[in-house]
Amino acid sequence: MRQVGIFGKRKSGKSALMYALTKHKIKVTFRAMEIGSVTKVMLVDTVGVDVEDDSTAEQSAQSVEVSLMLITDDSFELELGWISKLKKNGSEVIVVISQADKFPDGGKALAAAVKEVSGLQTICVSAQTGEGVEELDEEINRLLGSRD
Ligand SMILES: Nc1nc2c(ncn2[C@@H]2O[C@H](COP(=O)(O)OP(=O)(O)OP(=O)(O)O)[C@@H](O)[C@H]2O)c(=O)[nH]1
Ligand SMILES: [Mg+2]
């Protein structure tokens, strides 16, 4: 089955995002079943990239086609390193400003900072309010489709 990995530091909201995406996917899948087009995707939750032994995250990085890299604050060097590694492994990467509801500006300033340093586009997502979940799901599907 095609795998989408969720990476990020401890407590960055990986599991909450996985749950929010799953809920959204179930809704969309019921609609897609009616028109007979369903792509089965397995979401892979991982340990934090900042844990001492990140070997299980390393392992997941080998088998995912699309990776979500969660960023929650302006120290994101570790994440940028992981993004390079994931791309080297052949994965597409979507950078997610996670827990976006916690920012007064919805994560826009952090998104701009990430863009300035790395040139990477981001999607601001809140697992709590659902903001950005649909956009994220569409981007995942677009990238999976581009690899068919
Ligand atoms: N406000 C807000 N809180 C969130 C959001 N997502 C997660 N949280 C909270 O942040 C904390 C960590 O969320 P988790 O989803 O467990 O994070 P995680 O990355 O899976 O954490 P570990 O598995 O321990 O590495 C929890 O208290 C969540 O309730 C969000 O979108 N908005
Ligand atoms: Mg978790």
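For the structure, check the block above.
This write-up is about the structure you can find in this document.

What counts, and where the lines are drawn
- Residues numbered from 1 in each chain as written.
- Chains lettered and ligands numbered in written order.
- Predicted model: local features only at pLDDT ≥ 70, side-chain atom pairs only at ≥ 80, totals over all residues.
- Heavy atoms only, no water.
- Near = heavy atom within 4 Å.
- Polar contact = N/O pair within 3.5 Å; in protein donor to acceptor, adjacent residues only side chain to side chain.
- Areas by Shrake-Rupley, 256 points an atom, 1.4 Å probe, with all protein chains shown as cover.
- Salt bridge = Lys/Arg side-chain N within 4 Å of Asp/Glu carboxyl O.
- Helix = DSSP H or I, 4+ residues; strand = E, 2+ residues; numbered from the N terminus.
- Buried < 20%, exposed > 50% of the residue type's maximum accessible area, 1.4 Å probe, protein only.
- Phe/Tyr/Trp six-rings, centres within 6.5 Å; stacked < 30°, edge-to-face > 60°.
- Expected span 1.5 Å × (residues − 1).
- Arc of directions from axis to C-beta.
- Pairing = 2+ DSSP bridges.
- Axes fitted to C-alpha atoms, helices over the stretch in contact; angles between N-to-C directions.
- Contact = heavy atoms within 4.5 Å.
- Parallel < 35°, antiparallel > 145°, perpendicular 65-115°, else oblique.
- Left-handed = near helix turned anticlockwise from the far one by under 90°.
- Nonpolar A, V, L, I, M, F, W, Y, C, P; charged D, E, K, R; others polar.

Description of the site of ligand 1
What surrounds ligand 1 is a group of 14 residues, the closest being Lys11, Lys14, Ala16, Asp101 and Ala127. The side chain of lysine 14 places a nitrogen or oxygen atom 2.7 Å from an oxygen atom of ligand 1. Separating an oxygen atom of ligand 1 from a backbone N or O atom of alanine 16 is a distance of 2.8 Å. Alone, ligand 1 offers 640 Å² of accessible surface; in the complex the protein occludes 69% of this.

Quick word on the pattern of salt bridges
Charged atoms that come close allow side chains of opposite charge to pair. All chains considered together, the criterion is met by nine salt bridges. Glutamate 79 serves as the salt-bridge partner of lysine 9, at 3.2 Å between the closest nitrogen and oxygen. Placement of the pair is lysine 9 in the loop between strand E1 (2-7) and helix H1 (14-34) and glutamate 79 in helix H3 (residues 77-88), with a sequence separation of 70 residues. The class for lysine 9 is buried, based on a relative accessible area of 19%. In this structure, lysine 85 engages glutamate 58 in a salt bridge whose closest nitrogen and oxygen atoms are separated by 3.0 Å.

Describing the packing of aromatic side chains
Inspection of every chain in the model, using the stated rule, returns one aromatic pair. With a centroid separation of 5.7 Å and 35 degrees between ring planes, the pair formed by phenylalanine 7 and tryptophan 82 is classed as tilted. Placement of phenylalanine 7 in strand E1 and of tryptophan 82 in helix H3 is noted, with a sequence separation of 75 residues between them. Given a relative accessible area of 3%, tryptophan 82 falls into the buried group.

Considering helix H5 (residues 133-146)
Taking 1.5 Å of rise per residue, 14 residues should cover 20 Å, and H5 covers 20 Å from first to last C-alpha, within 8% of that figure. By the burial criterion, the buried members of H5 are Val133, Leu136, Asp137, Ile140, Leu143 and Leu144. One side of H5 holds all its buried residues, which, seen down the axis, span an arc of 130 degrees. For H5, exposure combined with an orientation more than 90 degrees from the buried face picks out Arg142 and Ser146.

What about the sheet that holds strand E2 (residues 41-45)?
Overall, parallel pairing links the five strands, which are arranged E2-E1-E3-E4-E5 in an open sheet. At either end of the open sheet lies a strand with only one pairing partner, and these are E2 and strand E5 (122-124). On average, each strand axis in the sheet is tilted by 25 degrees relative to the strand beside it, whichever way the strands run. With four bridges connecting them, E1 and strand E3 (residues 66-71) associate as parallel partners. Bridging across to E3, glycine 5 finds its partner in serine 67. Against the sheet, H3 touches E1, E3 and strand E4 (92-97), its axis set at about 175 degrees to E3.

Focus: the packing of helix H2 (residues 55-63) against H3
Here H2 crosses H3 at 40 degrees, and the two axes come no closer than 9 Å. By the angle between their directions, the pair H2 and H3 is classed as oblique. Crossing angle aside, the handedness with which H2 passes H3 is right-handed. Residues Ala57, Glu58 and Ala61 of H2 touch H3, and the partners they reach there are Trp82, Lys85 and Leu86. Each residue belonging to the contact of H2 with H3 can be placed in one class, and the counts come to four nonpolar, no polar and two charged.

Everything listed here is a matter of coordinates, which is why it stays silent on function.
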